[in-house]
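Chain and residue survey
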Amino acid sequence: MRYEEAGVHIAQKAEALKRAKAQVEATYTPEVLRGLGAFGGLFDSMALKGMRHPVLVATTDGVGTKTLLALEVGDVSGLGFDLVNHSVNDLLAQGARPLFFLDYLAASRLEEEVLAGLLASLAQACKALGIPLLGGETAEMPGVYREGAWDLAGTMVGVVEREGILGPERVREGDLLLALPSSGPHTNGYSLIRKVVAGHDLLAFVPELGESLKEALLRPHRAYWPEFLRLQESGVEIHAIAHITGGGIWENLPRALPEGLGAEIQRGTWPVPPIFPYLQRLGQIPEEEMFRVFNMGLGLILVLPEAEARRAQELVEGFLVGRVVPEPGIRLL
């Protein structure tokens, strides 16, 4: 018997990796000593030499069932950005800058065109952040994944000065919440989204949205690295950051607050992307469930002293949506 008879196509995988080689290598920075093709990527730690007390920060995440919508319409060009951008935002919540990224791509069958498209998207996303796609794993596992499904996950490693680590211990009562807008659902709630839009033409123009469902739902997860860098270079004091992902504000904002403190968020202080009320109406989803599942337009929430929040708002496109209060819990006013 041959490996292909068991459902594994080595030649297709090799060809896709060969096609993506130049794009992946274009992400390499001088710190990359060994990358694609090695058994492990090598990154020169002398890049941290100028730091006083460097702390490494690592985060792992995946794209989830958004991949199924992308595969359904035959467009995976944004999925690499979803994966990389989600990861860098998680690093920002610690105050860290990204160093490199590793990917994991798996499917029941590695179709060459899809794999090449995903690798190209990952490389483009890393290039946009100025970090190397240092390596990863590509696996074909018939029987583990159902036919036609893909799993996209990745790990990003970053670094932060120890005294610069952001978190709940810095937060004080009266701090303001500055929200940076999302580009849509990002990478969360797609199991519910797929159920709501099942049977609808994803390519048809929707007047309520001003675009098609494909455009609204496949818009990549936004990266907030440029805004963070602008604030950091301007010396803005940030106490904590909450990346609003799965679980919405109810589950993610408390992760940036100390025990004993809560937050009030005022409705109407930020623009809600039209895709959210559209999904709510189409699926008859209760408002509480909308805020529990989706970001509702709040992509990243920065917790800052009041004076710093006003200054930050002048530097980035953000909305003052609430404040830290002495009562625990999150309240939507």
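This structure is a prediction, so every number in the text was calculated from the model and none was measured.

1. Looking at the overall build of the protein
Secondary structure summary: the protein contains 11 helices and 14 strands in total. Taking 2.2 N^0.38 as the reference for a compact globule, 333 residues should give roughly 20 Å; the C-alpha atoms of the protein span a radius of gyration of 21 Å, in line with that estimate. Once the C-alpha set of the protein is aligned to its principal axes, its extents read approximately 70 × 55 × 30 Å. Evaluated residue by residue, the protein yields a buried proportion of 52% over its 333 residues. Contacts in the protein between residues far apart in sequence, at least 24 positions, make up 84% of those at least 6 positions apart. Taken as a whole, the protein presents about 15,100 Å² of accessible surface, with 52% of it coming from carbon and sulfur.

2. Looking at the UniProt feature "domain: PurM-like C-terminal" (unreviewed entry) in the protein
Under the UniProt annotation, the feature "domain: PurM-like C-terminal" (unreviewed entry) is placed at residues 172-331. In the segment residues 172-331, helix accounts for 34% and strand for 22%; the C-alpha atoms at its two ends are 17 Å apart.

3. Overview of the pattern of salt bridges
Using the criterion set out here, one finds 11 salt bridges in the structure. The residue R52 makes a salt bridge to E163 at a minimum N-O spacing of 2.6 Å. Highlighted residues: R52 in the loop between β2 (42-43) and β3 (54-62) and E163 in the loop between β6 (150-161) and β7 (176-181), separated in sequence by 111 residues. Judged by its relative accessible area of 65%, R52 falls in the exposed class. Across the pair R267 and E287 runs a salt bridge whose closest N-O atoms are separated by 2.9 Å. Taken together, the residues R267 in the loop between β11 (262-265) and α9 (275-283) and E287 in helix α10 (residues 287-293) connect sequence positions 20 residues apart.

4. Some thoughts on the side chain of K66
Topologically, K66 is positioned in helix α2 (residues 66-73). Residue K66 is classed as buried on the basis of its relative accessible area, which comes to 0%. Side-chain polar atoms of K66 contact the backbone oxygen of H186, separated by 2.8 Å. With residues near it in sequence (within four places) discarded, K66 still touches L79, D82, H186, T187, Y190, L217, L218, R219, P220 and H221.

Scoring rules and cut-offs
Residues numbered from 1 in each chain as written. Predicted model: local features only at pLDDT ≥ 70, side-chain atom pairs only at ≥ 80, totals over all residues. Heavy atoms only, no water. Helix = DSSP H or I, 4+ residues; strand = E, 2+ residues; numbered from the N terminus. Rg over C-alpha atoms; globule rule 2.2 N^0.38 Å. Buried < 20%, exposed > 50% of the residue type's maximum accessible area, 1.4 Å probe, protein only. Contact = heavy atoms within 4.5 Å. Areas by Shrake-Rupley, 256 points an atom, 1.4 Å probe, with all protein chains shown as cover. UniProt positions renumbered as here; feature names shortened; annotations may be inferred. Salt bridge = Lys/Arg side-chain N within 4 Å of Asp/Glu carboxyl O. Polar contact = N/O pair within 3.5 Å; in protein donor to acceptor, adjacent residues only side chain to side chain.

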